[in-house]
Amino acid sequence: MERPADLAAAIDAAAGSLIAVLDSASSRHQVPPTQLRVLTLISGRPETNVNGLAELLDVVPSSASRLCDRLEATGLLRRVADPRDRREVRLVPTAAALTLLGELAERRQRAVQAVLDRMPARMQHELLLALVGFARAANAVPEQQTDSAVQTA
């Protein structure tokens, strides 16, 4: 089966629509998007420190530290000493931050579900299969990379 020439453009447009739906669901929060991103990043990475956060955000450490200062001031973030190395400071989301992220995830899922409910069930199923396939392909290591890695080993 031949791939439609505009498939990539259609996916890009759909991604834009999805982002708009998710952003709309997120807009009711008082926390700016960048701070929500920081909370999401650190909630999934318990070993994160300011330097690690700066790398994840692709910003200088001083900018990441200022973001953390603002989150700490609002009670959404704590800086705690690493029990293995007391000189190291880890970033930990507070219970309030985790509640906020949970509420946000629920709101976003409801917004996406509202869009899905406007689609026929068959199209929803086809979309599910396509998204699973897309995720697999996106996460697969291209053969060229594995071949070159074997050659250099």
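Overview of the structure. (Residues numbered from 1 in each chain as written. Predicted model: local features only at pLDDT ≥ 70, side-chain atom pairs only at ≥ 80, totals over all residues. Heavy atoms only, no water.)

**Notes on the nonpolar core**
The biggest cluster of nonpolar side chains holds 21 residues, and the ones touching the most others in it are Leu39, Leu53, Leu76 and Leu91. Residue assignment for this core shows that the elements contributing at least two residues are α2 (33-43), α3 (50-57), α4 (61-73) and α5 (95-116). The element contributing the most residues to this core is α2, with five residues. Apart from residues no more than four positions distant in its own chain, Leu76 is found in contact with Val31, Leu39, Leu71, Val92, Pro93, Thr94, Ala96, Ala97 and Leu100. (Core = buried A, V, L, I, M, F, W, Y, C linked by side-chain atoms within 4.5 Å. Buried < 20%, exposed > 50% of the residue type's maximum accessible area, 1.4 Å probe, protein only. Helix = DSSP H or I, 4+ residues; strand = E, 2+ residues; numbered from the N terminus. Contact = heavy atoms within 4.5 Å.)

**Quick notes on the pairing of strand β2 (residues 85-93)**
Examined bridge by bridge, strand β1 (residues 77-82) and β2 share six bridges and lie antiparallel to one another. Directly across from Ala81, in β2, lies its bridge partner Val89. In textbook terms, the turn of a hairpin is the stretch between consecutive antiparallel strands, and for β1 and β2 this stretch comprises two residues. (Pairing = 2+ DSSP bridges.)

**Some points on the packing of α2 against α4**
Each packed pair of helices is defined by two parameters, the angle between the axes and the distance between the axes. Where α2 meets α4, the closest approach of the two axes is 11 Å, and the angle between their N-to-C directions is 90°. It follows that α2 is roughly perpendicular to α4 by the angle criterion. On α4, the residues that touch Thr34, Gln35, Val38 and Leu39 of α2 are Leu67, Arg70 and Leu71. Of the residues in the contact of α2 with α4, the class split is four nonpolar, two polar and one charged. (Axes fitted to C-alpha atoms, helices over the stretch in contact; angles between N-to-C directions. Parallel < 35°, antiparallel > 145°, perpendicular 65-115°, else oblique. Nonpolar A, V, L, I, M, F, W, Y, C, P; charged D, E, K, R; others polar.)

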